[in-house]
Amino acid sequence: MSDISVVKTFSMITREIFPVDYYLVRCELEEQLQDEFDFTAEANGMDRIADALCRGGRHPAVHVPRSIPGLTSKRVLCMDFVPGAPLSQLREELKKRGIEIEPGSLAEQVFGRKLLSSLTEAFGIMIFEEGFFHADPHPGNIFIRPDGTISLIDFGQTKQINFKFRKQVAELMTRVAEYNKMLDQDTEDAVQYLQSLGGFAKSMGVEFLPSAGPSCAGALALWLFDSSRRELPDGYEANELSPNCPVRDVASFPREFVLLCRMTLLIRGLAMRLNVGWSLADAWKKPAQKLLDGSLPGCEPRRTSRQICLGRTNFIRNMSC
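Quick summary incoming for the structure in this document. As the structure is a prediction and not an experimental result, all values here were calculated from the model.

### Some thoughts on the overall build of the protein
On a plain count of helices and strands, the protein comes out with twelve helices and seven strands. In summary, the protein has a C-alpha radius of gyration of 21 Å against a globular reference of 20 Å for 321 residues, a match within 12%. If one aligns the C-alpha atoms of the protein with their principal axes, the spans along those axes are about 65 × 65 × 45 Å. A buried classification covers 44% of the 321 residues belonging to the protein. By sequence separation, contacts in the protein at least 24 residues apart represent 69% of the contacts at least 6 residues apart. Looking at the protein as shown, the accessible area adds up to about 16,800 Å², and 54% of this sits on carbon and sulfur atoms. Between the averaged position of the 38 positive side-chain charges in the protein and that of its 41 negative side-chain charges there is a distance of 6 Å.

### A look at the packing of aromatic side chains
Overall, the coordinates contain two aromatic pairs when judged by the stated rule. Seen in terms of ring centroids, Phe-128 and Trp-284 are 5.7 Å apart; in terms of plane orientation they differ by 80°. Their pairing is edge-to-face. Here the residue Phe-128 occupies a position in helix α5 (residues 106–130), and Trp-284 occupies one in helix α11 (residues 280–293), the gap between them amounting to 156 residues. Each member of the pair Phe-128 and Trp-284 is classed as buried. When the centroid spacing of 5.2 Å and the interplanar angle of 85° are considered together, the rings of Phe-165 and Phe-257 count as edge-to-face. Here Phe-257 lies in helix α10 (residues 256–273) and Phe-165 lies in helix α6 (residues 163–183), a separation of 92 residues in the sequence. Overall, Phe-165 belongs to the buried group, its relative accessible area being 4%. Phe-257 gets classed as buried once you look at its relative accessible area, which sits at 7%. Residue placement shows Arg-48 over the ring face of Phe-132; its charged tip is 4.3 Å from the ring centre. Arg-175 extends its terminal NZ or CZ atom over the ring of Phe-200, reaching a point 4.4 Å from the ring centre.

### Overview of the sheet that holds strand β1 (residues 85–86)
The three strands are arranged β1-β3-β4 in an open sheet whose pairing can be described as antiparallel. This sheet does not close on itself; its edge strands, each paired only once, are β1 and β4 (150–152). Two elements, β1 and strand β3 (residues 142–144), share two bridges in a ladder whose sense is antiparallel. Paired with Pro-86 across the two strands is Phe-143, which belongs to β3. Sheet strands in contact with α5 are β3 and β4, and its direction is about 40° off that of β4.

### With respect to helix α3 (residues 39–54)
Along an α-helix, residues three or four apart share an orientation, since each turn contains 3.6 residues. The end-to-end C-alpha separation of α3 is 23 Å, in line with the 22 Å expected for 16 residues at 1.5 Å each. Looking at the buried positions of α3, the neighbouring elements they touch are α5, β2 (132–134) and β5 (158–160). For α3, the side-chain oxygen to backbone nitrogen distance between the N-cap and Thr-40 is 3.0 Å, and the N-cap itself is Asp-38. Positive backbone phi, approximately 75°, marks Gly-56, located one or two places after α3.

### A look at the side chain of Asp-249
Along the chain, the position of Asp-249 falls in the loop between α9 (216–225) and β7 (250–252). There is no salt bridge for the buried Asp-249, and the closest opposite charge comes from Arg-248, which lies 8.7 Å off by N-O distance. Side chain to side chain, Asp-249 and Ser-211 meet in a polar contact 2.7 Å long. In this structure the side chain of Asp-249 is engaged in a polar contact, spanning 2.7 Å, whose partner is the side chain of Tyr-236.

### Observations regarding the environment of Gly-213
Looking at where Gly-213 falls in the secondary structure, it is placed in the loop between β6 (207–208) and α9. Through-space distance from the C-alpha of Gly-213 to that of Phe-128 is 30 Å; in sequence the pair is 85 residues apart.

### Notes on the packing of α6 against α11
Their axes nearest at 8 Å, the elements α6 and α11 cross at an angle of 130°. Between α6 and α11, the interaxial angle falls into the category oblique. Remark: the crossing between α6 and α11 carries left-handed chirality. Of the residues in α11, those in contact with Phe-163, Arg-166, Lys-167, Ala-170, Glu-171, Met-173, Thr-174, Val-176, Ala-177, Glu-178 and Asn-180 of α6 are Ala-281, Asp-282, Trp-284, Lys-285, Ala-288, Gln-289, Leu-291 and Leu-292. Partitioning the contact of α6 with α11 into residue classes produces ten nonpolar, three polar and six charged.

Rules used throughout
- Residues numbered from 1 in each chain as written.
- Predicted model: local features only at pLDDT ≥ 70, side-chain atom pairs only at ≥ 80, totals over all residues.
- Heavy atoms only, no water.
- Helix = DSSP H or I, 4+ residues; strand = E, 2+ residues; numbered from the N terminus.
- Rg over C-alpha atoms; globule rule 2.2 N^0.38 Å.
- Buried < 20%, exposed > 50% of the residue type's maximum accessible area, 1.4 Å probe, protein only.
- Contact = heavy atoms within 4.5 Å.
- Areas by Shrake-Rupley, 256 points an atom, 1.4 Å probe, with all protein chains shown as cover.
- Lys, Arg positive; Asp, Glu negative; His and termini not counted.
- Charge placed at Lys NZ, Arg CZ, Asp CG, Glu CD.
- Phe/Tyr/Trp six-rings, centres within 6.5 Å; stacked < 30°, edge-to-face > 60°.
- Lys NZ or Arg CZ within 6 Å of the ring centre and 35° of its normal.
- Pairing = 2+ DSSP bridges.
- Axes fitted to C-alpha atoms, helices over the stretch in contact; angles between N-to-C directions.
- Expected span 1.5 Å × (residues − 1).
- Polar contact = N/O pair within 3.5 Å; in protein donor to acceptor, adjacent residues only side chain to side chain.
- Salt bridge = Lys/Arg side-chain N within 4 Å of Asp/Glu carboxyl O.
- Parallel < 35°, antiparallel > 145°, perpendicular 65-115°, else oblique.
- Left-handed = near helix turned anticlockwise from the far one by under 90°.
- Nonpolar A, V, L, I, M, F, W, Y, C, P; charged D, E, K, R; others polar.

This is how it looks when you write it as structure tokens:
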């Protein structure tokens with residue numbers, strides 16, 4: 001926490017120098033780190049996501065271990081054992097068993113698509129249904145079990161997003177998916193449609209630098225949610241280290257985006273590493289549209305404690321009458 005305090009101070013001093021507001025990012029990480037020291041909170045988050053993935057009797061896209069009641073405290077976390085190997089060590093583990101998977105081979109492509117499909121389905125449920133998601137799905141936290149199924153571990157970083165932001169993300173997914181569909185039919189109409197995303201991005205609280213191109217918002221959305229497009233509009237590049245990466249023309253953004261974008265970029269990184277073109281927007285279009293239509297479980301905003309109290313008061317008043 002001392003280190004975070006130093007970095008926050010540095011970010012405040014350099015706020016006018018860097019194009020992106022890193023102070024906002026550090027504030028979000030500080031809040032998350034405080035929760036990581038409480039294993040009770042981690043256990044609750046892990047169990048909540050496990051329940052969400054199994055809701056309605058469906059078979060979960062990924063396995064999530066559960067905490068052991070009575071054996072978990074603020075400083076001790078006891079949970080189901082997850083056999084297997086983390087994705088970061090999978091190739092080495094397979095070599096020990098005499099199994100070689102060549103980079104770029106058909107076997108790697110098949111495995112990559114299965115992995116990305118399972119993660120995408122699971123995170124779609126977390127974001128659009130539950131509004132609560134695992135915010136740190138790096139390869140060390142993704143386990144491949146002996147039967148080939150996938151498991152998520154380490155729920156120290158989770159994020160709750162409000163109903164309004166969920167709907168905004170859902171609408172953004174449908175717009176990016178629509179752009180992909182239009183691009184296959186009419187390039188000129190698709191370009192104009194992509195440029196219209198600038199106004200929608202501003203309504204979500206994203207601000208751009210004067211240097212931003214007319215399609216910067218669209219390029220940013222494609223960079224975050226669609227790794228199947230290797231080329232971005234307006235001369236932008238998908239490589240985050242490039243000076244032409246669209247994120248470099250972003251002036252500010254809401255805190256809710258910090259961990260959501262971290263999660264999508266980690267999935268994007270997996271897709272690039274496995275050499276699989278993958279569009280989160282296309283895969284999430286269906287649950288996103290269901291949320292917008294009001295037909296998705298959990299699509300109603302959660303009532304606040306004040307609303308619940310008012311509801312109880314009105315119920316008692318009606319009973320008295």
